[in-house]
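Structural description and commentary
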Amino acid sequence: MQDESIKLLCDLIAIDSVNPSLVPDGAGEGEIAEAIANYMRLAGLDVEVTEAAPGRPNAIGIVQGRSPGRSLIFCGHTDTVGVQGMTAPFDPVQRGGKLYGRGAQDMKGGLAAMLGAAAKVAKSGGLPSGELVVAAVIDEEYKSLGAENLVKRRSGDAAVVTEPTDLVIGVAHKGYTWVEVTTRGIAAHGSRPKEGRDAITSMGRFLSRLADLDGELQARTPHPIVGTGSLHASLISGGRELSTYPDVCDLQMERRTIIGEPLETALTEIEAILAALKQDSAEFDASARMLFGRPAYEIPANSDLPSMLLEAVSRAGHTTTCAGMTFWTDAAIIGHAGIPSVVFGPGGAGLHGLEEYVLVDEVITCRDALVELARSFCA
Ligand SMILES: [Zn+2]
């Protein structure tokens, strides 16, 4: 017979929840939030559905303990990236221990594990003390409006974000900053070099220094668990037509940051390059601005969450370790709101790709470990 949490996972994959900020006609999180709220109500949780953005609700369920105590949060995002190029993104198919479909790994597998864990806890007599909060939040794939709304409404003593980690306990991860750089020239007929100034070759000079900076960042002493910072040019545009000097060139780029590097780091580095280029040539005309950023995160050393989760995983019959993750997650938002957080979820492959799957066994192990954690954390 199909495991109840895997059945739930199939139901979640079958619901289109493409992020509407990423894909203009994306279905959004309304329908999946409703399905999750219903599942939680049936399992006996107290349920709260709140709009984190217009028409885009978070679904939050609570298992109250029998006496006051610590509050543990499980958090997962309900949105997915787009499905262009996929053949049957919303048809969950199970084959050889893998469950396929958009969001299977990122992160409906983790959602099903945490919801299944809360249901098990609620149905098996609840918790001795404190409370377990399960939060299914919107918009992680874009601006994390759901997690931001969650931390405004709730506090907690620890949180597990069930993004896919191959069941490794992610105790730290990198941050990122997006910066836009614009070089300016003068538009002129291609035959009149004295009148024109080429914004694209100016950007070329900047890009060359940017590559040097990337080399320098990656040659620095790495942070012990997340490694070094890095950067890459992401998007570039400029020019009008073949016979015209380009007057503007725009670059959007990303800098991945490590713990201890504030959000302003990238802009400061880039402005230093622009100032040096201006020093070399007074005609060089450029500016930069930060578009968006999220800081890196590391759980405080005095938190007992990683060790308790390690024990919980082993009680669930699996052995794992703690490590740094390279990708950013909502754990940073929850963590920076003062709730010590880790990332822990089932493995698979193909996240954001054309063929995405999650490992069925790992969803079940993840769920069982979360049950164990809730019982020991809220003891
Ligand atoms: Zn994700």
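Residues numbered from 1 in each chain as written. Predicted model: local features only at pLDDT ≥ 70, side-chain atom pairs only at ≥ 80, totals over all residues. Heavy atoms only, no water.

Focus: the coordination of the zinc ion
Short version of the rule: Water is absent from the atoms considered, so a metal site may look incomplete; donors are defined as N, O and S atoms within 2.8 Å of the metal, or 3.2 Å for Na, K and Ca. What counts as a helix is a DSSP run of H or I of at least four residues, what counts as a strand is a run of E of at least two, and both are numbered from the N terminus. Residue burial is assigned from relative accessible area. The probe radius is 1.4 Å, only protein chains are included, and a residue is buried under 20% of its type maximum, exposed over 50%, and partly exposed in between.
Within the protein, the atoms that donate to the zinc ion are His77 (NE2), Asp106 (OD), Glu163 (OE) and Glu163 (OE), at distances of 1.8 to 2.6 Å. Here the donor residues of the zinc ion are spaced in sequence according to H-x28-D-x56-E. Taken together, the residues span a long stretch of sequence, with histidine 77 in strand β3 (residues 71–77) and glutamate 163 in the loop between β7 (158–161) and β8 (169–173) at a distance of 86 residues. Taken as a pair, histidine 77 and glutamate 163 share a single burial class, namely buried.

Some words on the layout of surface pockets
Short version of the rule: In this analysis the probe radius is 1.4 Å and the grid spacing 1 Å, with only protein atoms considered; a cavity is a set of points the probe fits into but cannot get out of, a pocket is an open set with protein on both sides within 12 Å along at least five of seven lines, and lining residues have an atom within 4 Å of a point. Grid points are joined across faces, edges and corners, and a volume is the space filled by probe spheres set on the points. Three categories are distinguished: nonpolar for Ala, Val, Leu, Ile, Met, Phe, Trp, Tyr, Cys and Pro, charged for Asp, Glu, Lys and Arg, and polar for the others, with Gly belonging to the last.
In this structure, the largest pocket occupies an estimated 450 Å³ of space. Elements supplying a minimum of two residues to the lining of the largest pocket: β9 (175–184) and β11 (248–257). In the lining of the largest pocket, the residues fall into 9 nonpolar, 2 polar and 7 charged.

Considering the sheet that holds strand β12 (residues 286–294)
Basically, it comes down to this: Two strands are said to pair when DSSP picks up at least two bridges between them. Angular values range over 0 to 180 degrees, each being the angle between N-to-C directions of two axes fitted as lines to C-alpha atoms, with helices fitted over their stretch in contact. For this analysis, residues touch if any pair of their heavy atoms sits within 4.5 Å.
On the basis of which strands lie adjacent, the open sheet formed by 4 strands has the order β10-β11-β9-β12 and antiparallel pairing. The open sheet is flanked by β10 (230–238) and β12, the only strands paired with a single partner. Sheet twist, expressed as the average angle between the axes of neighbouring strands with direction ignored, equals 20°. Both β9 and β11 contribute to a ladder of 10 bridges, which runs antiparallel. Within β11, the position partnered with threonine 177 by the bridge is arginine 255. Where helix α6 (residues 265–280) meets the sheet, its contacts fall on β9, β11 and β12, and the angle it forms with β12 comes to roughly 165°.

Looking at the environment of methionine 107
Here methionine 107 is to be found in helix α3 (residues 104–123). Looking at methionine 107, the relative accessible area reads 1%, which means it is buried. Through-space distance from the C-alpha of methionine 107 to that of serine 341 is 17 Å; in sequence the pair is 234 residues apart. Excluding anything up to four places from it in sequence, methionine 107 contacts Cys75, Gly76, His77, Thr162, Glu163 and Pro164.

So, the packing of helix α1 (residues 4–13) against helix α9 (residues 360–377)
As a reminder, the rule being used: For any helix crossing, the convention is left-handed if the near helix is rotated counterclockwise from the far helix by under a right angle, and right-handed if that rotation is clockwise.
Orientation of α1 relative to α9, taken along the N-to-C sense of each, is 115°, at an axis distance of 10 Å. Seen along the crossing, α1 lies across α9 with a hand that is right-handed. The residues of α9 that touch α1, namely those facing Ser5, Ile6 and Leu9, are Val360, Val363, Ile364 and Arg367. Across the contact of α1 with α9, the residue classes tally to 5 nonpolar, 1 polar and 1 charged.

Considerations on the packing of aromatic side chains
For any pair of aromatic rings, geometry is given as the distance between the ring centres together with the angle between the planes. To keep it simple, the criterion reads: We call Phe, Tyr and Trp rings a pair once their centres come within 6.5 Å, taking the six-membered ring for Trp, and we label the pair stacked below 30 degrees between planes, edge-to-face above 60, and tilted otherwise. Here, a charge over a ring means that NZ of Lys or CZ of Arg falls within 6 Å of the ring centre while also lying within 35 degrees of the ring normal.
What the rule picks out here adds up to 5 aromatic pairs. Centre to centre, the rings of tyrosine 100 and tyrosine 357 are 5.3 Å apart; their planes meet at 55°, and the pair counts as tilted. Taken together, the residues tyrosine 100 in strand β5 (residues 98–100) and tyrosine 357 in strand β17 (residues 357–359) connect sequence positions 257 residues apart. By the burial criterion, tyrosine 100 is buried, and tyrosine 357 matches it. Clustering of aromatic rings is evident, with ring pairs tying together Tyr176, Trp178, Phe292 and Trp328. Positioned above the aromatic ring of tyrosine 100 is the side chain of arginine 95, whose terminal nitrogen or guanidinium carbon lies 4.6 Å from the ring centre.

Observations concerning the sheet that holds β5
In space, the 4 strands of this open sheet follow the order β4-β5-β17-β16, with antiparallel pairing throughout. Because the sheet does not close on itself, it has two edges, and the strands there are β4 (93–95) and β16 (348–349). Alignment of β5 against β17, held across 3 bridges, turns out to be antiparallel. Pairing of lysine 98 across the sheet is with leucine 359, part of β17. Lying over the sheet, α9 contacts β4, β5 and β17, oriented at roughly 60° with respect to β17.

What about the nonpolar core?
The following threshold applies: Here, the term nonpolar core denotes a set of buried Ala, Val, Leu, Ile, Met, Phe, Trp, Tyr and Cys residues that are joined through side-chain atoms within 4.5 Å.
With 64 residues, the main nonpolar core has Ile36, Leu72, Phe74, Phe344 and Leu373 as its most contacted residues. Ranked by residues supplied to this core, first place goes to α3 with 10 residues.

Some points on α1
Counting buried residues along α1, 7 of its 10 residues qualify, which places the element largely inside the surrounding structure. Of the positions making up α1, those classed as buried are Ser5, Ile6, Leu8, Leu9, Cys10, Leu12 and Ile13. The secondary structure elements touched by the buried residues of α1 are α2 (30–42), β4, β5, α3, β17 and α9.

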